Amino acid sequence: MKLVRIHGVDRVSVDDVPAPELGPRDVIVRIGACGICGTDLHAARHGLTLPNGEPMPLGHEAAGVIEHVGDAVEGFKSGMRVLLDPTGHRSNIVGYLGTEGAFGELLLIRNPKPGRHLLAIPDTLSLSRAALAEPLAVGLHSTRRCTIDADTKAAVFGCGPIGLGVILWLRRLGIRHIVAVDLSDARLDYARRMGADATINTRTEDLEARLRELQGDGVAVRAGTQTIVGTDVFFDCAGAPPVLAAIIRMAQYHAQIVVTAVYPEPMEFNLMSFHSKELTITTASGYPGDLQEVLDVLPTLDDEVFATYVSHTVAFKDFALGFELARRPDSAKVMVDFESASP
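Residues numbered from 1 in each chain as written. Predicted model: local features only at pLDDT ≥ 70, side-chain atom pairs only at ≥ 80, totals over all residues. Heavy atoms only, no water.

Draft legend 1. View of the pairing of strand β5 (residues 61–69). Relative to β5, strand β3 (residues 26–36) is paired through eight bridges, and the arrangement is antiparallel. Each bridged residue has a counterpart across the sheet, and for Val29 the counterpart in β5 is Ile66. Relative to strand β6 (residues 81–84), β5 runs antiparallel, the two being bridged by three bridges. Its bridge partner lying in β6, Val65 is registered against Arg81. (Pairing = 2+ DSSP bridges. Helix = DSSP H or I, 4+ residues; strand = E, 2+ residues; numbered from the N terminus.)

Draft legend 2. How the structure looks around the sheet that holds strand β11 (residues 198–201). Ordered in space as β11-β10-β9-β12-β13-β14, the six strands form an open sheet in which the pairing is parallel. Both outer strands of the open sheet, β11 and β14 (280–283), are each paired with one neighbouring strand and no more. Each strand of the sheet is rotated relative to its neighbour by a mean of 20°, with strand direction disregarded. The pairing of strand β12 (residues 233–236) with strand β13 (residues 256–259) spans four bridges and is classified as parallel. In the sheet register, Phe235 faces β13, and the bridge partner there is Val258. (Axes fitted to C-alpha atoms, helices over the stretch in contact; angles between N-to-C directions.)

Draft legend 3. Looking closely at the nonpolar core. With 52 residues, the main nonpolar core has Ile167 and Phe235 as its most contacted residues. With six residues, the top contributor of residues to this core is helix α4 (residues 161–172). With sequence-adjacent residues up to four places away left out, Phe235 is seen in contact with Ser142, Thr143, Cys146, Ala154, Ala155, Val156, Phe157, Val166, Leu170 and Val258. Membership of the second largest hydrophobic core comes to 34 residues, among which are Ile6, Leu41, Leu84 and Phe103. (Core = buried A, V, L, I, M, F, W, Y, C linked by side-chain atoms within 4.5 Å. Buried < 20%, exposed > 50% of the residue type's maximum accessible area, 1.4 Å probe, protein only. Contact = heavy atoms within 4.5 Å.)

Draft legend 4. Highlighting the packing of helix α1 (residues 38–45) against helix α11 (residues 319–327). Where α1 meets α11, the axes come as close as 10 Å, and the angle between the chain directions of the two elements is 100°. Overall, the two elements α1 and α11 adopt an arrangement that is roughly perpendicular. Contacts from Asp40, Leu41 and Ala44 of α1 reach α11 at Phe323, Ala326 and Arg327. Residue composition of the contact of α1 with α11, by class: four nonpolar, no polar and two charged. (Parallel < 35°, antiparallel > 145°, perpendicular 65-115°, else oblique. Nonpolar A, V, L, I, M, F, W, Y, C, P; charged D, E, K, R; others polar.)

Draft legend 5. Region of interest: the packing of helix α6 (residues 207–215) against helix α7 (residues 241–250). For the pair α6 and α7, the least separation of the axes is 11 Å and the interaxial angle reads 50°. It follows that α6 is oblique to α7 by the angle criterion. Judged by the sense of rotation from one axis to the other, the crossing of α6 with α7 is right-handed. In contact with Leu207, Glu208 and Leu211 of α6, α7 contributes Ala246, Arg249 and Met250. Residues that form the contact of α6 with α7 fall into these classes: four nonpolar, no polar and two charged. (Left-handed = near helix turned anticlockwise from the far one by under 90°.)

Draft legend 6. Layout of the pattern of salt bridges. Taken as a whole, this structure holds 21 salt bridges when the rule is applied. Linking Lys2 and Asp16 is a salt bridge whose minimum nitrogen-to-oxygen distance equals 2.7 Å. One end of the pair, Lys2, is in strand β1 (residues 2–8); the other, Asp16, is in strand β2 (residues 11–16), and 14 residues separate them in sequence. Among the ionic pairs, Asp303 bridges to Arg129, the shortest N-O distance being 3.1 Å. (Salt bridge = Lys/Arg side-chain N within 4 Å of Asp/Glu carboxyl O.)

Here it is, written out as structure tokens:
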């Protein structure tokens, strides 16, 4: 069968590999759709391989149809449409240093547990849309890592798939005012369509002045100190060190910062400013407990949401094109469609 693997720095190929062998406690899923994630791009950029030096398979934002079920497996049957949860306990899926990848025709799941490794997909939802539950769940979890209400003024930095997901959930939560920040006009257009009230392109606009114009002056630590912005919660979905430094500099007293982006390298920031403003900073990683909820909500979203969130869809045979599209600053979510697996 065909499987996408990393062989070294920016060396990604679709390889011919043996089909997985079914064990008595395993299931094999024929993949129907899989999204290209930022972690896939990161892994390729850094040439990540398996601990034993073997090429590392890619793909974890996947949905498909169970094709084979081991004799000792309970809770699953052939023909069942399922969403992959790659974060499930003892998961063997890549993205978490696993040995299997969902950018392949068949995916082996070892010792699966219902609701933990594979989730049943509602009949009203296509496989391609069901696969979006994984990245959208990251966005939902981010909004739950801070204290917000309808009057919260939020700013989302980075309008790739995760930032767009944060904007979607903030809008559904009825947040008062959402500002999207990015370097790409195309992604800022996606952000407006997903629910942002205003946008800032930091390539052409003064970030601090524009954010103050949109969300007002903030509460200073004491009278006479610098004028700061009135944003209540900053979501860092960009992953660029200057972004976090800028947020800390202009944040108001008691502002909250949620870091969803991954920073693979150590970075410095002004702890004195952070301390005097009594800022709250937290991180959001994955989607513990949120995936099933998002899967349940997906059938209620209108077609415009999906049309905005998914900027490109390519066939599996065109995976290389899809991977290049995902690297572009004018893309949102790029989906890989496995036509032969569609129900």
